[in-house]
Structures are given as structure tokens and as C-alpha cells.
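One-letter residues, chain by chain:
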Amino acid sequence: MAKQNQILLTLALLIFSLISSATGAAEKPRGVTYDSRSLIVNGNRELFFSGSIHYPRSPPEMWPDIIRKAKEGGINLIQTYVFWNIHEPIQGQFDFEGNYDIVKFIKEIGKQGLYVTLRIGPYIEAEWTSGGFPYWLREVKNITFRSYNEPFVYHMKKYAEMVIELMKKEKLFAPQGGPIILAQIENEYNNVQLAYKENGKKYIEWAANMAVGLYNGVPWIMCKQKDAPPSVINTCNGRHCGDTFTGPNGPNKPSLWTENWTAQYRTYGDPPAQRSAEDLAFSVARFFAKNGTLTNYYMYYGGTNFGRTSSSFVTTRYYDEAPLDEFGLMRDPKWSHLRDLHRALRLSRRALLWGTPTVQKINENLEITVYEKPGPDHMCAAFLTNNHTKLPSNITFRGAEYYLPEKSISILADCKTVVYNTQTVVSQHNSRNFVPSEKAKNLKWEIYQEKVPTIHDLALKNRDPLELYSLTKDKSDYAWYSTSINLDRRDLPMRPDILPVLQIASMGHALVAFVNGQYVGFGHGNNIEKSFVFRQPVVLKPGINHITLLAETIGYPNSGAYMEKRFAGPRGVTLQGLMAGTLDITLNVWGHEVGVYGEKEQLFTEEGAKKVKWNSLAGPPPGPVTWLKTYFDAPEGTDPVALRMDKMQKGMMWVNGKSLGRYWASFLSPLGQPTQSEYHIPRAFLKPNNNLLVVFEETGGHPEIIQIVTVNRDTICSMITEYHPPNVKYWERSRSKFRAVVEDLKAGAHLTCPDDNVIEKVEFASYGDPDGACGNFYMGNCTSPNSIKVAEKYCLGKHTCSIPVEREVFDEPNKDPCPNIFKTLAVQVKCVVPKKN
């Protein structure tokens, strides 16, 4: 018995030891240093592929999946801002709940084995309202933002201390065992520094010293700060930092790229923002060829500007062209082509981090960069670059000839084998589909009409219209302005075909005008020119006439110097065409009120909706300032959900009391289409049944055409040529050994359905000279008649399939319809959820 107890005790001690070791390994402190070559984490050099993901732009329920997909894409570092205005909306009152729970977000990143760059700002150029500054800061006496100004530096330091202490308390810095390995203070300050003269230089030195003084366990960075103080690392932002970055401003600082823009954020009225996967890949390969060791994709996942969080005129959808789209779906080939690039660079890692670089300039466009360390543990990796934007070229390197497509870089992980070329996409493509929901159709709408007030209804009086930002104090997009004027019959035009004109000069951003309670029109500026002049003919009557404006902000400004001194709202109001000429009514005494009634009563919640009488939607479409309400069941399946609003005008949307943000379908791009038509409804916002959807429409629309849709990327494609290199996944490196992991190294079309879906249908296949893009392929002049049949043979009913790009697979000898051309294979298939037996 004693022997048995001894065995049990030994076993218990062993288990305890294993648990302690595992726990200790998970929480092992990691020191972070750097030199001119790279960051050094826990004594190890590493290549960093980073992605910007912002926690407030998605609900916490989405975070694990987004981070997982980033990790699968080869990302090992997540970058996020800290958003001051959501955490301290009222001075001294803090909010870290829900999708503001930054601690939970960072811990999830660490749980998945990734690192974090924390950009605490406090200014954040993230197309976020007020650049992240809380409104109350604007009203601090004698304050000047982002300057060596006593009130500002006092509040900035207090905020920075709060953030740093929170991170330290939760043990989130790397030396404490957490994932944070980098921190950033300020943001792109060189853009505005000259505006602040001597106080700009003093401020940036103070900010660096303040940050390092608060915590020096991880390196601090400043992006786009050429004169960064010695204690912080200056970094690059832009699209092509491999060629535009002048380099670190100190001999012992590494080359880091904090923002590689994956496309462009969009403002209302913009056409689609585009940046190809090939251009992104070229820029990253170029940066790593020129001594770079960290690049960050801004954004890797953009997400959604819920509520009123976007800055002036910025759409609710943010950086949808990122590798992960607004709904968290992989956008191929951007996601997968970059994943393959990261693998290729990791295969070259040892040579890049320990080798000595040499550059051979062959001519104006061709260049060879080699990283090599001779000796028994020989390391070598090469970048072959063709900078010509139109013409391909051949290049001879160490006795072998290599083909380089136009504007491309080939990566040779062992100085012999091309494992990746930035221009030749061997990964799959996909296309996004919006599918009307069957469970959430036939919406039954009810309406409530907002009352248009007169000056007598508005308590706050002033001689002239008050400035809009300081009036609303960022509590609402809306503010009512109203005045009245007494006209005699002789003041009005005598001819019935002539009407007076109401003219309003506004400093921005938009307004809806009413005369005697009747809608007159809608006017607005744009992201480039916020101010505008509204002019509309109006019907006036003898006696008292009421002129009422619903003035609107569309986010607060986000960039530039002296942000605290910006203005918006109506400034000059005149009536033109009266018998006595133009009448200026700017100084006529105006009534004001912040917000609209339905907003104050929260008609978008179950309790608030009970406070008013709703009427069934019948007859003509509802007019301006109208509230709309309906209920719907959660759409079928698990795909993301969106609201299609392209037949509405402008307003805001809520589901179960949660704001989906602003919509603006009437602001058309130069293509004649809404800049954004679909608006994300996170599944986390939904119940199985009876979800309350409320819309506030400012000018009138067609709610009967609103659709609830599900979103998928089940249309997947491949477009590959005979001269494409094999997939980078066919090689591996174990210590110093580099080898192929498959016997057949030929190129092929590789298709994998998302989730557990299978291929139901081949929608397009052509082996010849097809053209187009996924979702819009078309035949060229020549194609194998067996193309569809071959694709179906290899792919139907499968989750993943590979189609060889070989002539004998598609055509018998002497039956090739176009034997004298380089062949391209384009395939498009439809994936579906497999049917259950």
C-alpha cells in the first residue's frame, strides 16, 4: 500500500511539474530589444508580418475568428490603436466594455500566439471621429491639440499613464509575459509639425521622453517622423516604403513599416478603392530586399464604423478591400497571395537576418539583391527584381536564366529555386455574393413622422445660428435651427411663376430645409470641401413664415493641424427675390435644439418604440425625417448578414438597439452608384426571432425595397498559366536544409472551398486564352472543348481539388486547337454546404 501511495505521489508531482512548466512557458517573460537589423524578442531575431485590426470595429464575438484567419494568412503581429474618445467619453468616466474591451482583445491575440503593436496615440489617423480625441478635450481652456501646450500635454500624459498602467496591471507587455512587443506614441506628426513652429519640435521631444519614461520595457516607435528623438524608432507609412523610406534616423534602429495601405478608406461619393494583390506583394518583397524586417498591412481587417464613430464623410464600411473584408471573409487572391509571400520570406529568413546583403544593378530596371553568409552553415537568399511596369525580362543569375514578368520580384529561397514571384498569382481567387434571405424577407414596415419644430418649440435662443460642433458636443449628428419672419403681401413676388429663393451658406456638413413645415430640399458638402451653399425656391405666404433647418454633422474632422479650431453648420441665411430685394435673416434670432425627438426617446429600442404611435406603411413612400420600424427573424445558415439600403437616401440604422452606423445611398459615386449599398449586421447582434430593425430616414426613400441579405465568398476561381511557378507550399526548410516536399513540382489550379463546403458546379472553365476576373471570366479566341469536362472530373463534389495545367490532360495529340500559344487555365466553381445523408 505504501509503495502504491509512493507511486501516486510521484505521479501527482510529475503532473504538477508538467502543468507548472506549461503555465510557465505560456507566461514566460520576453525581453524586446533591437539593433540596425531587426527587433530581437527574447534573444531571437524574427521577420514580422503584421496586420492592423481595430477592436471597436467588430463585436468581441468576431475577434477570435478574425485573429485566427490573420494567423492562417501568415500574420504574427497585430497592430491596433487605442481609441481615447470611446474609453473616456466624459472626463474621468471610463468605458472598457463590449467591443471597447481592449484587454480582452489583446489577451485573445496572445492566446493565439501572436504579438501586438499598441499605438496609444493619443492622436490616431484612423478615419475616426476627432482623430480619437474626446469632445470634452476641445473645451479645455486655452488648449491647442498636438502642441507643446500646457493644457494639452497635461491631459495627454494623464491619458497615456492610464493606458500604460492598464496594460501593466493586466501583464500585457512582453517582459511581463504578455504579447505587446512594440508601442507607438503620436502619429504621422511630420505632416503637421511645421504648423506649430518651435512648439512642434518641443512637443515631439517631450512626447518621446514622456512615453519612454512611463514604460521602457518595449521599444517605442513614431511613424512618419524623420527627426524622431534617439529614444524612439522612426518608421515608414505609405504604399512603397521599399523605395520611399529614407531609412532610420539612427545607426542602431531597424527599418520598420507601420502602414502598408492595402487599398484606401472610402468617403461617401467615392468610386471603389482598389489595390492589387500583386502590387502589395511587390511592395513587401521590395522592402524586405532592402533591409526591412517588419511590414504592417493597414488594414488587414477594416471592419465597421458602428454608431457615429467614422470621421467626416467616411463610409460605415472601413477598408473593405483588405485581405479580410468587412464581414471577416478572406478576400482572395489578396489574402492567399500575401500568405504565400510570407511563407516564401520565411523560407529565406535565416539568410535575411544573418546574411550580408549585396546589390547588383544590371540596368535601369533589373536588379539582383543577395543575402548570404558563407561557411559550413551556408545561408543564401536572393531577390530578382524587374522594375519595368510594361515589359517582362530574362535575367541571368549564377549561371541560370530566370524569367521575370513585368513589375515583379522573384524570391529564391536558396539562391537557386524560385519559390515565389510577386506578379504570378498561383493561389485561388474568389468573388463575393449577396444573397437575399428567405427567412428575413417580406418585411412589414411601420412609420412614425418626426415633428418639424418652429422657433417657439426650441428653448435655446441666439441672435444668429450657433456653431454646430460646439452646439451638438458630439452627442448627435443632428441639431434643429429655426427662425420666423413676418412678410406682407407686398413683400412677395406678384407673378405666380416667380418664387423667392432660400439661400444658406453652410460650413458643413449637410442640412435638410423646411419652410412652414414643408420639405424644401437637402444640401451637403463632401470630404474635400465640407462647406456648401444651399439654394432652393420656396413658397412663402403673407404673415408669419417659419424657416427650419435640420443641420447635420457626418463625423468630426480627423486630420490636419489645429483640429480643435474647426467649425461647421449654417452661417449665412438669406431670402432672395423678394420685392425689396435680398433679405438677410442670419441675425434674425434663432431657436436651437440638439438631436431629434426619436433619438432622445430611443425609438430604436423595444422600450423606446412603445412611446409613440406607429402607423402601417401604406400609399406613397414616406417623406423626410421619418422613423421606420420592422421585425425579422435571423437569416438562415451561419454566413454574415447585411442590410441592402440602395433605394433609401440618408440616415441611421439600429438592430435590437445597437447602431449599425450611418447610411447614405443617395450620394452617388462618379460611376452613378452608391458608394456603399450593404451595411453589416453582425450575427452577434441578432436573436433567433423577432429582431427589431429601426431606420431614421432624413429625406425620404423606399423602405419596401430594403433587403436583408447573407454574404458569402462561395464563388472560387483559379487563373494560372503554363509558366507560373509551383506553389510555395511545395518547399520547406529544416534548419539549413531546403527541399521540396512533393515529387511533382508542376503548376496547377488549386481550389479549396471555405469552411467544410464542397464544389457543386463548375460555372466556367477555359484552357486556352481566357480573360477577365473571378465572377466575370470570358472566353478568348481559343479554348479546349474539354475544359468544362476536365474541371468537373477533378473537382465536382470535393472540398478541395487540383487541376494539372498540362496540354495532354485537356487535348489529345494533334487535336490542340491552339498549339502555338502559351496556355492559361481559368476555372470558376460554386461551393455549397454539403447535403446531409
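What you see is a predicted model; the values in this text were computed from it and never measured.

Caption draft 1: Representation of helix α6 (residues 150–169) within the structure. Over its 20 residues, α6 extends 28 Å from the first C-alpha to the last, a length consistent with the 28 Å expected when each residue adds 1.5 Å. Downstream of α6 by a residue or two, Lys 171 has a phi angle that is positive, lying close to 55 degrees.

Caption draft 2: Spatial organisation of the sheet that holds strand β28 (residues 570–578). Here we have 4 strands laid out as an open sheet, ordered β26-β23-β28-β29, and antiparallel in their pairing. Of all strands in the sheet, those bounded by a partner on one side alone are β26 (532–537) and β29 (581–584). Averaged over all adjacent pairs, the angle separating strand axes in this sheet is 20 degrees, with direction ignored. Pairing analysis gives 6 bridges linking strand β23 (residues 501–506) to β28, with the strands arranged antiparallel. The partner of Leu 502 across the bridge, within β28, is Leu 575.

Caption draft 3: Summary view of a nonpolar patch on the surface. Taken together, Tyr 403, Tyr 723 and Phe 822 make up a surface patch of nonpolar side chains, about 360 Å² in accessible area. Structurally, Tyr 723 can be placed in the loop between β38 (707–721) and β39 (731–734).

Caption draft 4: Representation of unusual backbone geometry within the structure. Residue Pro 122 follows Gly 121 across a cis peptide bond; omega there is 10 degrees. Assignment of secondary structure puts Pro 122 in the loop between β6 (115–121) and α5 (135–138). Positive phi, normally seen in glycine, also occurs at Asp 474, with a value near 60 degrees. Mapped onto the elements of the fold, Asp 474 is located in the loop between α12 (468–472) and β22 (478–487). Positive phi is not limited to glycine here, since Asn 516 has a value of about 55 degrees.

Caption draft 5: The arrangement of the pattern of salt bridges in detail. Per the counting criterion, the structure on display carries 47 salt bridges. Its salt-bridge partner being Arg 398, residue Glu 372 comes within 2.7 Å of it at the nearest N-O pair. A residue pair is termed long-range when its members are at least 10 positions apart, and Glu 372 in strand β13 (residues 366–373) and Arg 398 in the loop between β15 (393–397) and β16 (400–404) qualify at 26 residues. Put simply, Lys 629 and Glu 446 hold a salt bridge, and the shortest N to O gap is 2.8 Å. With Lys 629 in strand β32 (residues 626–632) and Glu 446 in strand β20 (residues 446–449), this pair connects stretches of sequence that are 183 residues apart. Using a relative accessible area of 27% as the deciding quantity, one classes Glu 446 as partly exposed. Residues participating in the shared-partner salt-bridge network are Asp 320, Glu 321, Asp 325, Arg 331, Arg 432 and Arg 713.

Caption draft 6: Quick peek at the side chain of Asp 325. Residue placement: Asp 325 occurs in the loop between β11 (292–301) and α10 (334–347). A distance of 2.9 Å separates the side chain of Asp 325 from the backbone nitrogen of Phe 327, its partner in a polar contact. Look past the residues within four positions of Asp 325 in its chain and what remains in contact with it is Tyr 301, Asp 320, Arg 331, Arg 432 and Arg 713.

Caption draft 7: Representation of the nonpolar core in the model. Met 167, Leu 341, Leu 345 and Val 419 are the most contacted members of the largest nonpolar core, which has 123 residues in total. It is α6 that provides the largest number of residues to this core, a total of 10 residues. In contact with Val 419, other than residues within four places in its own chain, are Ala 344, Leu 347, Ile 411, Ala 413, Pro 726, Val 728, Trp 731 and Phe 738.

Caption draft 8: The arrangement of the sheet that holds strand β25 (residues 518–524) in detail. If you trace the 6 strands from one edge of the open sheet to the other, you get β21-β30-β22-β27-β24-β25, paired in antiparallel fashion. If you trace the sheet from one side to the other, it starts and ends with β21 (460–462) and β25, each paired once. Here the strands of the sheet are splayed against their neighbours by 25 degrees on average, with no regard to which way each runs. Sheet topology note: the β22/strand β30 (residues 590–594) ladder contains 4 bridges and is antiparallel.

Caption draft 9: Representation of empty space enclosed by the protein within the structure. Tallying each qualifying case throughout the model produces 3 cavities of 30 Å³ or more. When its volume is computed, the largest cavity comes out at roughly 80 Å³. Surrounding the largest cavity, Ser 130, Phe 133, Pro 134, Tyr 135, Arg 138, Phe 145, Tyr 556, Pro 557, Met 563 and Glu 564 form its lining. Residue classes in the lining of the largest cavity are distributed as 7 nonpolar, 1 polar and 2 charged. The volume enclosed by the second largest cavity comes to roughly 60 Å³. Residue lining of the second largest cavity: His 337, Asp 340, Val 419, Tyr 420, Asn 421, Thr 424, Val 426, Ser 427, Pro 725, Pro 726 and Val 728, and that is the complete set. Where the lining of the second largest cavity is concerned, the elements lending two or more residues are α10 and β18 (418–421). For the lining of the second largest cavity, the element with the most residues is β18, which contributes 3 residues. Of the residues contributing to the lining of the second largest cavity, the split by class is 6 nonpolar, 4 polar and 1 charged.

Caption draft 10: How the structure looks around the confidence of the model for the chain. The pLDDT averaged across the chain works out to 94; a share of 96% of its residues lies at or above 70. Here residues 1–26 scores under 50 on pLDDT; set against residues more than four positions off or in separate chains, the count is 1 contact.

Caption draft 11: Expanded view of the pairing of β20. Inspection of the sheet shows β20 paired to strand β31 (residues 615–616) by 2 bridges, in the antiparallel sense. Counted as the bridge partner of Ile 447 is Asn 615 from β31. Inspection of the sheet shows β20 paired to β32 by 4 bridges, in the antiparallel sense. Paired with Ile 447 across the two strands is Leu 628, which belongs to β32.

Caption draft 12: Seen up close, the environment of Val 612. Following the sequence through the fold, Val 612 ends up in the loop between α14 (606–609) and β31. Along the chain, Val 612 and Asp 816 lie 204 residues apart, while their C-alpha atoms are 73 Å from each other. When neighbours within four sequence positions are excluded, Val 612 is seen to be in contact with Tyr 448, Tyr 597 and Leu 603.

Caption draft 13: Examining the state of the cysteines more closely. Evaluation of the coordinates by the stated rule reveals 6 disulfides. Each disulfide pairs two cysteine sulfurs, and for Cys 236 the partner residue is Cys 241, the sulfurs being separated by 2.0 Å. Its S-S torsion of approximately -80 degrees makes the covalent link between Cys 236 and Cys 241 left-handed. Here the two residues Cys 236 and Cys 241 agree in accessibility, since each one is buried.

Caption draft 14: Summary view of the packing of aromatic side chains. Counting across every chain of the model gives 47 aromatic pairs. Judged by centre distance (4.7 Å) and plane angle (45 degrees), the ring pair of Tyr 196 and Tyr 562 falls under tilted. Of this pair, Tyr 196 sits in the loop between β7 (180–185) and α7 (198–214) while Tyr 562 sits in the loop between β27 (543–552) and β28, placing them 366 residues apart in sequence. The exposure class assigned to Tyr 196 is buried, which follows from its relative accessible area of 6%.

Parameters at a glance
- Residues numbered from 1 in each chain as written.
- Predicted model: local features only at pLDDT ≥ 70, side-chain atom pairs only at ≥ 80, totals over all residues.
- Heavy atoms only, no water.
- Helix = DSSP H or I, 4+ residues; strand = E, 2+ residues; numbered from the N terminus.
- Expected span 1.5 Å × (residues − 1).
- Pairing = 2+ DSSP bridges.
- Axes fitted to C-alpha atoms, helices over the stretch in contact; angles between N-to-C directions.
- Patch = residues over 30% accessible without salt bridge, like charges linked within 9 Å, V, L, I, M, F, W, Y side chains within 5 Å.
- Areas by Shrake-Rupley, 256 points an atom, 1.4 Å probe, with all protein chains shown as cover.
- Salt bridge = Lys/Arg side-chain N within 4 Å of Asp/Glu carboxyl O.
- Buried < 20%, exposed > 50% of the residue type's maximum accessible area, 1.4 Å probe, protein only.
- Polar contact = N/O pair within 3.5 Å; in protein donor to acceptor, adjacent residues only side chain to side chain.
- Contact = heavy atoms within 4.5 Å.
- Core = buried A, V, L, I, M, F, W, Y, C linked by side-chain atoms within 4.5 Å.
- 1 Å grid on protein atoms, 1.4 Å probe; cavity = no way out; pocket = protein on both sides within 12 Å on 5 of 7 lines; lining within 4 Å.
- Points joined across faces, edges and corners; volume = space filled by probe spheres on them.
- Nonpolar A, V, L, I, M, F, W, Y, C, P; charged D, E, K, R; others polar.
- pLDDT = per-residue confidence, 0-100.
- Disulfide = S-S within 2.5 Å.
- Phe/Tyr/Trp six-rings, centres within 6.5 Å; stacked < 30°, edge-to-face > 60°.

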